[in-house]
Amino acid sequence: MRFVYGVVMAAAALLPAGAAAQQKSPQSQESDLAINYSAERASQTSGQSFWAQGGSAELTATFYHGLGITADVTGTHAANISSSGVGLTLVTTTFGPTYTWALPRHRSSPGALRFHGESLIGIANGAASVFPEPSGAQSGASSLALQIGGSADLELSRHFALRLVHADWLRTQLPNATTNVQNTLQFDGGIVFRFPH
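Since the structure is predicted, the reported quantities are computational estimates derived from the model, not experimental observations.

Each value, and the rule that gives it
One numbering rule holds for all chains: residues counted from 1, following each sequence as written. Only residues with pLDDT of 70 or above have their local features reported here, since the model is predicted, and side-chain atom pairs are shown and tallied only from 80 upward, although totals for entire chains, interfaces and linings are computed over all residues. Computation of side-chain values covers all heavy atoms of the structure but excludes hydrogens and water. Two rings from Phe, Tyr or Trp (for Trp, the six-membered ring) form a pair when their centres are within 6.5 Å of each other. A pair whose planes differ by under 30 degrees is stacked, one over 60 is edge-to-face, and the rest are tilted. Exposure classes here rest on a 1.4 Å probe applied to the protein chains alone. A residue is buried below 20% of its type maximum, exposed above 50%, and partly exposed in between. By definition, a salt bridge exists where a carboxyl oxygen of Asp or Glu is found within 4 Å of a side-chain nitrogen of Lys or Arg. By the criteria applied, helices consist of DSSP H or I runs no shorter than four residues and strands consist of E runs no shorter than two, each listed in order from the N terminus.

**Some details on the packing of aromatic side chains**
Move 1: If you walk through the whole model with that rule in mind, you get four aromatic pairs.
Move 2: Measuring from ring centre to ring centre gives 5.7 Å for tyrosine 99 and tryptophan 101, while their planes differ by 25°; the resulting arrangement is stacked.
Move 3: Taking the relative accessible area as the measure of exposure, tryptophan 101 reaches 40% and is therefore partly exposed.
Move 4: A connected cluster of aromatic rings, assembled from ring pairs, spans Tyr99, Trp101 and Phe115.

**Structural notes on the pattern of salt bridges**
Move 1: This model, assessed by the stated rule, comprises seven salt bridges.
Move 2: Here arginine 114 ties to glutamate 155 by a salt bridge, and the two come within 3.4 Å at their closest N and O atoms. Of the two residues, arginine 114 sits in strand β5 (residues 113–127) while glutamate 155 sits in strand β6 (residues 141–155), which places them 41 residues apart along the sequence.
Move 3: Of the charged contacts, one joins aspartate 153 and arginine 194 as a salt bridge, the two residues approaching to 3.2 Å between their closest N and O atoms. Pair noted here: aspartate 153 is in strand β6 and arginine 194 is in strand β8 (residues 182–196), with a separation of 41 residues, a long-range link. Judged on exposure class, the residue aspartate 153 and its partner arginine 194 are both buried.
Move 4: Several salt bridges share partner residues, and in doing so they unite Glu30, Asp32, Glu58, Arg114, Asp153, Glu155, Arg163 and Arg194 into one network.

Spelled out as structure tokens, the structure:
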């Protein structure tokens, strides 16, 4: 777990570096804050699956020709994830590199489409559930989180965009008495606030 915390801290330390790099490159310099509604389709090892709902906040600093760094915090809740009536609250905090490109070429023109690809790593925290462990069942647990995916935004103005869709594959390793692996599809949509530099 120390490795995970080290990765998170290193990614957080890179955000100021990205901002400093923005001053060196006159192109594609901006910060985005996306506030989204989130829905997740999670698969269990038993073959069952369930939906969870919540929200996310994603901060992206783009500093060189579409390259940037993203920090994402997503929280979702499901009241019933199995026939036993057990629920789950899941909060993931992830960081990593992102790449942005736009159609047409003028990135902030109204009506332009902008696409993002990202590969993030961090921590998943599960709560208000049952996590079987050798020492006994726990109501909370933490694990490594790997998040890969992308999004499409519709530009409304220089400072606002509509996040049409954001889809990610999320892999977590919370205790579940079998493989201790969960694969989840995340779907988001919301509003993006842009801060050009």
